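# Inside the fold
Chain by chain, the residues run as shown.
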Amino acid sequence: MPILNWPIKPFVKPYRGAWFSLESIPWFYHNSLIYLVRYTVLNLITPSPISTFFFKAMGMKIGKNVLLNTGNISDACLIEIEDYATVGGSVYLMAHYGMKGYLIVDKLKIGKGANIGLHSYVMAAEVGEFSTVLPNSVVLPKTKLPANSKFGHMDEILAIKDKNESKEAKEA
């Protein structure tokens, strides 16, 4: 598949426009090759150096010592994962989304040492260095998480828990 993707890879770039247009054809073609492998053999070899090699060959920029424990990746040539990042199991990484009748294809960047929790969705966003996306979270498009931050619905639960614990400590 990477050999079939090689001639079209330079034409897949950020785009905003109609779902069905000449400009979107390279994006459709690129993703159809990824999905062909994803829905046949990729889940059998994830996590392994073979799946990491496949995504690198499809154009994804992957740094050293990256743990990639998912096959649910779209738009590989628009995704960059820096050194020492961890992408948990069943995480969905995609650099595209649809909004108000438009297809929007953008870039997705995961910073150095970042941690993406189990079954999270990260869509066309930027995750800062050493940031953590908690399990089952959704990082919406155009979100820029600052370095060393935590993101996810669990933050609200932990904040309420801390508030209740401090209230109980005052009452005691």
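The sections below set out a description of the structure shown in this document. This is a predicted model, so every value here is computed, not measured.

If you tally the helices and strands in the chain, you get four helices and 16 strands. Looking at the chain residue by residue over its 172 residues, the buried ones come to 44%. Taking as baseline every contact in the chain between residues at least 6 positions apart, the subset at least 24 positions apart corresponds to 38%. Working note: accessible area of the chain is about 9700 Å², and carbon and sulfur atoms make up 62% of it.

For the rest of this paragraph, the subject is the sheet that holds strand E15 (residues 144–145). Strand pairing in a sheet takes place through backbone hydrogen bonds and is either antiparallel or parallel in direction. Here five strands make up an open sheet; going across it, the order is E2-E4-E9-E12-E15 and the pairing parallel. The open sheet terminates on both sides in strands that have one partner only, identified here as strand E2 (61–62) and E15. Here two bridges tie E2 to strand E4 (residues 79–81), and the two strands are oriented parallel to one another. Bridge assignment links Ile 62 to a residue of E4, and that residue is Ile 81.

For the rest of this paragraph, the subject is the environment of His 119. Topologically, His 119 is positioned in the loop between strand E10 (115–116) and strand E11 (121–123). Linking His 119 and Gly 88, residues 31 residues apart in sequence, is a C-alpha distance of 7.2 Å. Excluding its chain neighbours within four sequence positions, the residues that come into contact with His 119 are Gly 89, Ser 90, Val 91, Tyr 92 and Asn 136.

A few words now on the packing of aromatic side chains. The geometry of an aromatic ring pair is captured by the separation of the ring centres together with the interplanar angle, meaning the angle of the planes. One pass over the full model with this rule turns up five aromatic pairs. Seen from their ring centres, Phe 20 and Phe 28 are 6.0 Å apart, and the 0° between their planes marks the pair as stacked. Judged by its relative accessible area of 76%, Phe 20 is exposed. Note on Phe 28: relative accessible area 34%, which makes it partly exposed. Centroid distance Tyr 92 to Tyr 121: 4.6 Å. Interplanar angle 5°. Geometry classified as stacked. With a gap of 29 residues between them, Tyr 92 in strand E6 (residues 92–94) and Tyr 121 in strand E11 connect regions that are remote in the sequence. On the basis of relative accessibility, which here comes to 28%, the residue Tyr 121 falls in the partly exposed class. What links up through ring pairs into an aromatic cluster is the set Phe 20, Trp 27 and Phe 28. Directly above the aromatic system of Tyr 102 lies the positively charged group of Arg 16, at a separation of 4.6 Å from the ring centroid.

The next thing to look at is the nonpolar core. Counting residues in each nonpolar core, the largest one holds 37 residues, and the members touching the most others are Phe 55, Ile 81 and Leu 93. Elements that contribute at least two residues to this core include exactly helix H2 (25–38), helix H3 (49–57), E4, strand E8 (102–105) and strand E9 (108–110). The element contributing the most residues to this core is H2, with four residues. Those residues in contact with Phe 55, other than ones at most four positions away along the chain, are Ile 34, Leu 42, Met 60, Ile 62, Leu 68, Thr 70, Gly 71, Ile 73 and Ala 76.

Strand order in the open sheet made by the three strands is E6-E11-E14, with parallel pairing throughout. Sheet topology places E6 and strand E14 (138–139) at the edges, where each strand pairs with a single neighbour. Inspection of the sheet shows E11 paired to E14 by two bridges, in the parallel sense. Note on E14: the bridge partner recorded for Tyr 121 is Val 138.

Of note, the amide linkage connecting Thr 46 to Pro 47 takes the cis form, showing an omega dihedral of -5°. Counting through the fold element by element, Pro 47 comes out in the loop between H2 and H3. In this structure, Tyr 84 is a non-glycine residue whose phi angle is positive, near 60°. Summarising the element assignment, Tyr 84 is placed in the loop between E4 and strand E5 (86–87). Look at Tyr 84 and you get partly exposed, because its relative accessible area is 38%. Located in the positive-phi region is Phe 130, a residue other than glycine, with phi close to 55°. Examined against the element boundaries, Phe 130 turns out to sit in the loop between strand E12 (126–127) and strand E13 (132–133). We classify Phe 130 as partly exposed; its relative accessible area is 45%.

Rules and cut-offs
Residues numbered from 1 in each chain as written. Predicted model: local features only at pLDDT ≥ 70, side-chain atom pairs only at ≥ 80, totals over all residues. Heavy atoms only, no water. Helix = DSSP H or I, 4+ residues; strand = E, 2+ residues; numbered from the N terminus. Buried < 20%, exposed > 50% of the residue type's maximum accessible area, 1.4 Å probe, protein only. Contact = heavy atoms within 4.5 Å. Areas by Shrake-Rupley, 256 points an atom, 1.4 Å probe, with all protein chains shown as cover. Pairing = 2+ DSSP bridges. Phe/Tyr/Trp six-rings, centres within 6.5 Å; stacked < 30°, edge-to-face > 60°. Lys NZ or Arg CZ within 6 Å of the ring centre and 35° of its normal. Core = buried A, V, L, I, M, F, W, Y, C linked by side-chain atoms within 4.5 Å.

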